[in-house]
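# Structural overview
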Amino acid sequence: MAPPALAGLALDPRGVAHVLEALAAYPAHANPNEAARDEDFWLTVSQAFTPDRSMLNLNNGGVCPSPRVVQEAVKRYLDHANTAPAYVLWQLQDPQKETVRSELARGWGVDTEEIAITRNASESLETCLFGFDLEPGDEILTTRYDYPRMLTTIEQRERRDGVKMVKLDLPLPVTSAATVVERFERAITPRTKLILISHVIFLTGQVLPVAEVVALGRRRGIPVIVDGAHAFAHLDFRISDLDCDYYGVSLHKWLFAPHGSGLLYVRRDKIAGLWPLMAAGAQQSADIRKFEEIGTHPAANFLAIADALAFHRGLGGARKLARMLYLRDRWAKRLLQNPRVRLRTSLEPGWASGVANFSVDGLDMAKLQAWLWTKHRIFTVYIGKLDGDDSVEGLRISPCVYTLPADLDRFCDAVEVGIRTNMAT
Ligand SMILES: Cc1ncc(COP(=O)(O)O)c(C=O)c1O
């Protein structure tokens, strides 16, 4: 139930400021799972976004929209920069990035001097994957399910430096930390010099036990790079919980920060040992800002991360995750009533995010994806076979906090018709 102060606010045309006011005025929910079902609250939240509701976007995992308050901040900073760029960009806006750095650090339990602001997860993770000196024959251990651009990075190192990538398999969906750790442990050889692991597998939304794999790497003296692209500001955790040394993230996914914003965490005593992607002076060797020497770039995207952080705090990490899981369960549990539907993602608490993947026995899933779009304007992602193996083949569904239950019911209605008619209608 909305408190009386909120009556009528949700659809108020005055827009952003009003929505934020409404969020701030909303009494704290006693319990995130109760909050997840509070449709008055989420309708108010949905009004902070500007989705095209003539279609249904169920690929927020690719990149999320920013709430209007963030979009407006970007425009404001850009307009200001264009009034006198060399002065505003470099003397006013660049220094203000420090506030963003310290707020990100505070929110995720690490030191301000351990956070670099980057353009995306690719930049953060390539900094790590290229930043270690390796010898020909050295091995980088990862999984088949890591992100293609990160695997391409390692492949380029194979061609350039003669290193070797070892990709292990995992029995997905997996719900045992011991199984994952054991697979990594078995694949380690005396030549293993780096490990890359996803916190959340982008194909299925599977959560991996990264703290345990980081602990394994530490025992064996192997640096572990964590790809947190889908986990950050989606799962409710702090980087400090993982005890890791390297964590790379896109902030334009689940933090809803401007497109082209990311973060790289490097533990303080590891900074000097990691080369930056673009050159920095020797005097910067132990300074986290050496990873930000990228030449002239818009400060607007980076400063407006602060607005996304304010919005995220308003939602609250636990409440946001609970809603994401609630939305996932709404469509997944309904579709599972059909015996031909298989979920590629476990619904067991702690083992998956709000992103999930399903397939239907006997149905061409690529065709279903195309049919949902052309016939119903429902946008999903088809996940194809991996090296000929169909263990993750299906449609990846990623709603967002602005997605309403009725949207998911419409999606389920369409999928059920598709199954019943083999997409003949
Ligand atoms: C697991 C994972 N890592 C890295 C990336 C790369 O993110 P970006 O394109 O924002 O650099 C993605 C993007 O979807 C991803 O899913």
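Quick caveat, the model's predicted, so the values are computed rather than measured.

This part takes up the pattern of salt bridges. All chains considered together, the criterion is met by 32 salt bridges. For Lys164, the salt bridge is made with Glu139, and the minimal N-O distance between the two is 3.9 Å. In this pair, Lys164 is assigned in strand E4 (residues 164–168) and Glu139 in strand E3 (residues 139–143), connecting sequence segments 25 residues apart. Overall, Lys164 belongs to the partly exposed group, its relative accessible area being 43%. One network of salt bridges, in which partners are shared, links Lys97, Glu98, Arg101, Glu113, Asp287, Arg289 and Glu292.

Here the focus is the packing of aromatic side chains. A complete count under the given rule lists 13 aromatic pairs for this structure. For the pair Phe49 and Tyr402, a centre-to-centre distance of 5.4 Å together with 35° between the ring planes defines the contact as tilted. Here Phe49, found in the loop between helix H3 (39–46) and strand E1 (56–57), pairs with Tyr402, found in the loop between strand E13 (394–397) and helix H15 (405–421); they are 353 residues apart in sequence, far enough to count as distant. The pair formed by Phe49 and Tyr402 is uniform in burial state, with each residue classed as buried. Taking the centre distance of 5.4 Å and the plane angle of 75° together, the rings of Phe132 and Tyr246 count as edge-to-face. With Phe132 in the loop between helix H6 (121–130) and E3 and Tyr246 in strand E7 (residues 246–250), this residue pair connects regions lying 114 residues apart in the sequence. Judged by relative accessible area, Phe132 falls into the buried class, the value being 13%. Look at Tyr246 and you get buried, because its relative accessible area is 4%. For the cation-ring pair, Arg76 lies above Tyr77, with the distance from its terminal atom to the ring centre recorded as 5.8 Å. Sitting above the plane of the Phe256 ring, Lys320 keeps its charged end 4.2 Å from the centroid.

By volume, the largest pocket is sized at about 410 Å³. If you trace the largest pocket, you find 25 residues lining it, with Leu321, Leu325, Pro349, Gly350 and Ala352 closest to the centre. Of all the secondary structure elements, the ones that give two or more residues to the lining of the largest pocket are helix H2 (32–35), helix H9 (210–220) and helix H13 (317–335). Looking at the lining of the largest pocket residue by residue, the class counts come to 18 nonpolar, three polar and four charged. Inspection of the lining of the largest pocket shows a minimum of three residues originating in each of domain 1 (4–66 + 317–421) and domain 2 (72–310). The space that makes up the second largest pocket amounts to roughly 290 Å³. As for the second largest pocket, its lining consists of 20 residues, of which Gly62, Tyr147, Ala229, Ser250 and Lys253 are closest to the centre. Listing elements by their share of the lining of the second largest pocket, those giving two or more residues are H6 and helix H7 (148–161). Looking at the lining of the second largest pocket, the element that brings in the most residues is H6, giving three residues. For the lining of the second largest pocket, the residue count by class is eight nonpolar, eight polar and four charged. The residue makeup of the lining of the second largest pocket includes at least three contributed by each of domain 1 (4–66 + 317–421) and domain 2 (72–310).

Here the focus is the site of the ligand. For the ligand, the full set of nearby residues is Asn120, Ala121, Ser122, Tyr147, Arg149, Phe202, Asp227, Ala229, His230, Ser250, His252 and Lys253. A distance of 3.4 Å is found between an oxygen atom of the ligand and a backbone nitrogen or oxygen belonging to Ala121. Take Ser122: an N or O atom from its side chain is 2.6 Å from an oxygen atom of the ligand. When the ligand sits alone it has 390 Å² of accessible area, and the protein chains cover 90% of it. Placement of the ligand is best described as lying within the second largest pocket. Residue composition of the shell around the ligand, grouped by class: four nonpolar, five polar and three charged.

Once that is clear, we can look at the sheet that holds strand E9 (residues 341–343). A sheet is described by the order of its strands in space; here four strands give the open sequence E9-E10-E13-E12, paired in antiparallel fashion. Edge positions in the open sheet fall to E9 and strand E12 (381–383), since each of these has one partner strand only. Direction aside, the axes of adjacent strands within the sheet are offset by 35° on average. When E12 meets E13, the two strands line up antiparallel, connected through three bridges. Its bridge partner lying in E13, Val381 is registered against Arg396. Where H13 meets the sheet, its contacts fall on E9, strand E10 (356–360) and E13, and the angle it forms with E10 comes to roughly 15°.

A few words on the packing of H6 against H7. Relative orientation of the contacting elements H6 and H7 amounts to 30°, with a least axis distance of 10 Å. The pairing of H6 with H7 is recorded here as roughly parallel in orientation. For the pair H6 and H7, the sense of crossing is right-handed. Along its contact with H6, which presents Ala121, Ser122, Leu125, Glu126, Leu129 and Phe130, the element H7 presents Arg149, Met150, Thr153, Ile154, Gln156 and Arg157. Within the contact of H6 with H7, the residues separate by chemical class into six nonpolar, three polar and three charged.

This part takes up the nonpolar core. Among the nonpolar cores identified, the biggest contains 66 residues, and Leu104, Phe232, Ile239, Tyr247, Leu255 and Ile305 are the most heavily contacted of them. The leading source of residues in this core is helix H4 (residues 68–81), at five residues. Both domains that furnish three or more residues to this core are identified here as domain 1 (4–66 + 317–421) and domain 2 (72–310). Among residues more than four places away in sequence, those in contact with Leu104 are Ile115, Ile117, Phe232, Leu251, Leu255, Leu263, Ile305 and Leu309. Leu368, Leu372, Cys412 and Ala414 belong to the second largest nonpolar core, which has 26 residues in total.

This brings us to H4. Taking 1.5 Å per residue, 14 residues should reach 20 Å; H4 reaches 20 Å between its end C-alpha atoms and fits that length. Taken together, the buried positions of H4 are occupied by Val69, Val70, Ala73, Val74, Tyr77 and Ala81. Projected down its long axis, H4 carries its buried residues within an arc of 140°, all on one side.

Cut-offs used in this document
- Residues numbered from 1 in each chain as written.
- Predicted model: local features only at pLDDT ≥ 70, side-chain atom pairs only at ≥ 80, totals over all residues.
- Heavy atoms only, no water.
- Salt bridge = Lys/Arg side-chain N within 4 Å of Asp/Glu carboxyl O.
- Helix = DSSP H or I, 4+ residues; strand = E, 2+ residues; numbered from the N terminus.
- Buried < 20%, exposed > 50% of the residue type's maximum accessible area, 1.4 Å probe, protein only.
- Phe/Tyr/Trp six-rings, centres within 6.5 Å; stacked < 30°, edge-to-face > 60°.
- Lys NZ or Arg CZ within 6 Å of the ring centre and 35° of its normal.
- 1 Å grid on protein atoms, 1.4 Å probe; cavity = no way out; pocket = protein on both sides within 12 Å on 5 of 7 lines; lining within 4 Å.
- Points joined across faces, edges and corners; volume = space filled by probe spheres on them.
- Nonpolar A, V, L, I, M, F, W, Y, C, P; charged D, E, K, R; others polar.
- Domains from an automatic or database assignment.
- Near = heavy atom within 4 Å.
- Polar contact = N/O pair within 3.5 Å; in protein donor to acceptor, adjacent residues only side chain to side chain.
- Areas by Shrake-Rupley, 256 points an atom, 1.4 Å probe, with all protein chains shown as cover.
- Sits in = over half its atoms within 2 Å of the grid points.
- Pairing = 2+ DSSP bridges.
- Axes fitted to C-alpha atoms, helices over the stretch in contact; angles between N-to-C directions.
- Contact = heavy atoms within 4.5 Å.
- Parallel < 35°, antiparallel > 145°, perpendicular 65-115°, else oblique.
- Left-handed = near helix turned anticlockwise from the far one by under 90°.
- Core = buried A, V, L, I, M, F, W, Y, C linked by side-chain atoms within 4.5 Å.
- Expected span 1.5 Å × (residues − 1).
- Arc of directions from axis to C-beta.

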